[in-house]
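The primary structure of each chain is shown beneath.
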Amino acid sequence: MSTASIEPGSYGRPVPAGRVIAWGLWDWGSAAYNAVILTFVFSVYLTDAVGDDLPGSISANTWLGWSLGIAGFLVAILAPITGQRADAGGRRKLSLGVWTALTVASMAGLFFVKNDYHYLWLGLLLLSLGSIFFEFASVSYNAMLHQVSTPRTIGRVSAFGWSMGYFGGIVLLLVCYVGFIAPDVGWFGVTSADGLNIRMVALFATAWFLLFAIPVLIAVPEIHGAPAAKRVGFLASYRLLFRDLTELYRTAPHTVYFLGASALFRDGLAGVFTFGAVLAVTVYGIDSADVLIFGVVANVVSALGALTAGFFDDRLGPKSVIVFSLSGMLVAGGVLLFVSGPTMFWIFGLILCLFVGPAQSSSRTFMARLAPLGREGQIFGLYATTGRAVSFLAPTLFGFFTFLFGADRAGIIGILLVLALGLAALIPVRSPAPGAQAPALPGRTAG
């Protein structure tokens, strides 16, 4: 197994506040990809504008789903190996820098995607590549959590990072809306002709991510690699991975159990965001122009929930926070099944979002507490892989229940079912004690 990491003797020492802030700024900057490119702005432009007159029977939405599906498959195959090798080679920070730079480059390329279906393929390619690069960067970023926290502060630090991501998305979305999307003539004289305003948003988001990704690369030290003699080649890394999984199951089975449980409920959390805007318009009568406003408020609520939950995480443990959050989401979602109108959606939709942030943040904390020292990158690679492995479940069940009952509202049942399955799978998982140090497992190294 990989033995590279921070020095074990330093684990638990106080971490300078500046290092924690620098780490959190990457989350703040990454909202440029998550919120602007992938969720609210550019993906919508790609399907509704660029691919609007696409010839043939297959829609731009379908092509988008397939391209991101292929990207997810590649992430599932490669994420554990990239994390494993970055750990072993002492290249965790270098890995973060390289994958972030490639994500930024793919975002910049979106500027050349004009409002013409001939450019759809370029947009899909860049969006898919950006998704792959971003997931790889996230593996190294999440693995750094041990380097910027102690066993007693890891929950608060993780929550701080999540909240920075939420608030970064809020600020950037508002800036882009005011500067480029809302006015007929935006900043720098930009108009909507040929999709120039959205393409400029892509450039602005690129600069945003690049700027806020720099501090973590300066402030957080690189890890120590394993001796070169103990490293193996790329293909041999897969044999080592399966061997390590077997040993992980034998020595720390609850880590494997949590990987499976979190894959389920994280897919349910993703389903809330994926279909929330659709349901707001088609079921609860919210005007499409108000969806962005709801998104901004939802991010604020989720961020506040994550920050508050961070303190309970450090005192009660991450499992208690996740169980409480998933239970709250099931109750709020159940109520949404039977109410109607914009007011009810605003109330119970925001209650739902209040629990999303804590569940996401404490899930990362749980994984970090379970990850053996020296294997954080590989374990978070597996974390990304398991999340991708069942990422089809919530969308499939959403469509199934919508078809079965002939109503969009029924799709909520599918999402709630995935959350309930995740909660049920989590219950037997043994929770690490608050403030406990992650185990250090001996063994071989890849690099």
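Residues numbered from 1 in each chain as written. Predicted model: local features only at pLDDT ≥ 70, side-chain atom pairs only at ≥ 80, totals over all residues. Heavy atoms only, no water.

## So, the overall build of the protein chain
From N to C terminus, the protein chain includes 15 helices and zero strands. Counting over 447 residues, the protein chain shows a buried share of 56%. Within the protein chain, residue pairs in contact and separated by at least 24 positions form 85% of the contacts whose partners lie at least 6 positions apart. Counting only carbon and sulfur atoms, one obtains 71% of the accessible surface of the protein chain, whose full area is about 17800 Å². (Helix = DSSP H or I, 4+ residues; strand = E, 2+ residues; numbered from the N terminus. Buried < 20%, exposed > 50% of the residue type's maximum accessible area, 1.4 Å probe, protein only. Contact = heavy atoms within 4.5 Å. Areas by Shrake-Rupley, 256 points an atom, 1.4 Å probe, with all protein chains shown as cover.)

## Points about helix α1 (residues 17–40)
Given a rise of 1.5 Å per residue, 24 residues ought to cover 34 Å, and the 32 Å separating the end C-alpha atoms of α1 matches this to within 8%. The largest bend in α1 is about 35°, located at serine 30. (Expected span 1.5 Å × (residues − 1). Bend = angle between axes of the 7 residues up to and from the residue.)

## Some remarks on the nonpolar core
Counting 60 residues, the largest nonpolar core has Trp26, Ile37 and Phe42 as the members making the most contacts within it. At the level of secondary structure, the elements contributing two or more residues to this core comprise α1, α2 (42–50), α3 (60–88), α4 (92–109), α5 (120–143), α6 (154–181) and α7 (196–219). Setting aside anything within four residues of it in sequence, one finds phenylalanine 42 in contact with Val36, Ile37, Leu110, Val113, Ile198 and Ala202. Core analysis: the next-biggest nonpolar cluster, separate from the first, contains 46 residues, Ala252, Ala303, Phe345 and Leu419 among them. (Core = buried A, V, L, I, M, F, W, Y, C linked by side-chain atoms within 4.5 Å.)

## Details of the side chain of threonine 255
Take threonine 255: it is sitting in helix α9 (residues 253–282). The residues touching threonine 255, leaving out its near neighbours within four places in the chain, are Leu248, Met367 and Leu370.

## Here we look at unusual backbone geometry
Located in the positive-phi region is phenylalanine 188, a residue other than glycine, with phi close to 60°. Within the fold, phenylalanine 188 resides in the loop between α6 and α7. Positive phi outside glycine occurs at aspartate 194, with the angle close to 60°. In this structure, aspartate 194 sits in the loop between α6 and α7. Residue classification places aspartate 194 among the partly exposed residues on the basis of a relative accessible area of 39%.

## Some details on α4
Taking 1.5 Å as the rise per residue, α4 with 18 residues should run 26 Å; its terminal C-alpha atoms sit 26 Å apart, in good agreement. Regarding α4, the residues found buried are Arg92, Lys93, Ser95, Leu96, Trp99, Thr100, Thr103, Val104, Ser106, Met107 and Gly109.

## Some remarks on the packing of α4 against α5
Their axes nearest at 8 Å, the elements α4 and α5 cross at an angle of 155°. Judged by the angle between their axes, α4 and α5 are roughly antiparallel. The way α4 lies across α5 gives a crossing that is left-handed. Facing α4, whose interface residues are Arg92, Ser95, Leu96, Trp99, Thr100, Leu102, Thr103, Ser106 and Gly109, α5 presents Leu126, Gly130, Phe133, Phe134, Phe136, Ala137, Ser140, Tyr141 and Ala143. A breakdown of the residues in the contact of α4 with α5 according to their chemical character gives 10 nonpolar, seven polar and one charged. (Axes fitted to C-alpha atoms, helices over the stretch in contact; angles between N-to-C directions. Parallel < 35°, antiparallel > 145°, perpendicular 65-115°, else oblique. Left-handed = near helix turned anticlockwise from the far one by under 90°. Nonpolar A, V, L, I, M, F, W, Y, C, P; charged D, E, K, R; others polar.)

## Observations concerning the environment of phenylalanine 348
Inspection of the secondary structure assignment puts phenylalanine 348 in helix α12 (residues 342–370). C-alpha separation for the pair phenylalanine 348 and alanine 332, spaced 16 residues apart in sequence, amounts to 5.7 Å. Aside from chain neighbours lying at most four places away, what touches phenylalanine 348 is Ala332, Val335 and Leu336.

## Some points on the environment of phenylalanine 355
Structurally, phenylalanine 355 is set in helix α12. Since its relative accessible area comes to 14%, phenylalanine 355 is described here as buried. It is 9.8 Å that separates the C-alpha atoms of phenylalanine 355 and leucine 304, two residues lying 51 residues apart in sequence.

## Description of the confidence of the model for the protein chain
Mean pLDDT over the protein chain works out to 79, with 79% of the residues at or above the 70 mark. α7 holds the highest mean pLDDT among the elements of the protein chain, 94, whereas helix α13 (residues 376–389) holds the lowest, 64. Under a pLDDT of 50 for its full length, residues 1–11 has, in the predicted model, 45 contacts with residues more than four places off or in other chains. Considering only residues more than four positions removed or in separate chains, one finds that residues 440–447, a stretch of pLDDT under 50, has 38 contacts. (pLDDT = per-residue confidence, 0-100.)

## Some details on the packing of aromatic side chains
Under the defined criterion, the tally for this structure stands at 23 aromatic pairs. Ring centres of tryptophan 26 and phenylalanine 209 lie 5.6 Å apart, and the angle between their planes is 70°; this geometry places the pair in the edge-to-face category. Of this pair, tryptophan 26 sits in helix α1 while phenylalanine 209 sits in helix α7, and the two are 183 residues apart along the sequence. One aromatic cluster is present, formed by Trp23, Trp26, Tyr33, Phe134, Tyr141 and Phe209 through successive ring pairs. Geometry around phenylalanine 111 places arginine 199 over its ring, the cationic atom sitting 4.7 Å from the centre. (Phe/Tyr/Trp six-rings, centres within 6.5 Å; stacked < 30°, edge-to-face > 60°. Lys NZ or Arg CZ within 6 Å of the ring centre and 35° of its normal.)

## Observations concerning the environment of leucine 74
Residue position: leucine 74 is located in helix α3. For leucine 74, a relative accessible area of 33% puts it in the partly exposed group. For the pair leucine 74 and isoleucine 132, spaced 58 residues apart in sequence, the C-alpha to C-alpha distance is 7.4 Å. Setting aside its immediate chain neighbours within four residues, leucine 74 contacts Ile132 and Phe136.

## What to know about the packing of helix α11 (residues 318–336) against helix α15 (residues 411–426)
Relative orientation of the contacting elements α11 and α15 amounts to 155°, with a least axis distance of 10 Å. Comparing their axes, α15 and α11 come out roughly antiparallel. Between α11 and α15 lies a crossing of left-handed hand. Between α11, through Lys319, Ile322, Val323, Leu326, Ser327, Met329, Leu330, Gly333, Gly334 and Leu336, and α15, the contact on the second element is made entirely by Ile412, Leu416, Leu419, Ala420, Leu423 and Leu426. Within the contact of α11 with α15, the residues separate by chemical class into 12 nonpolar, three polar and one charged.

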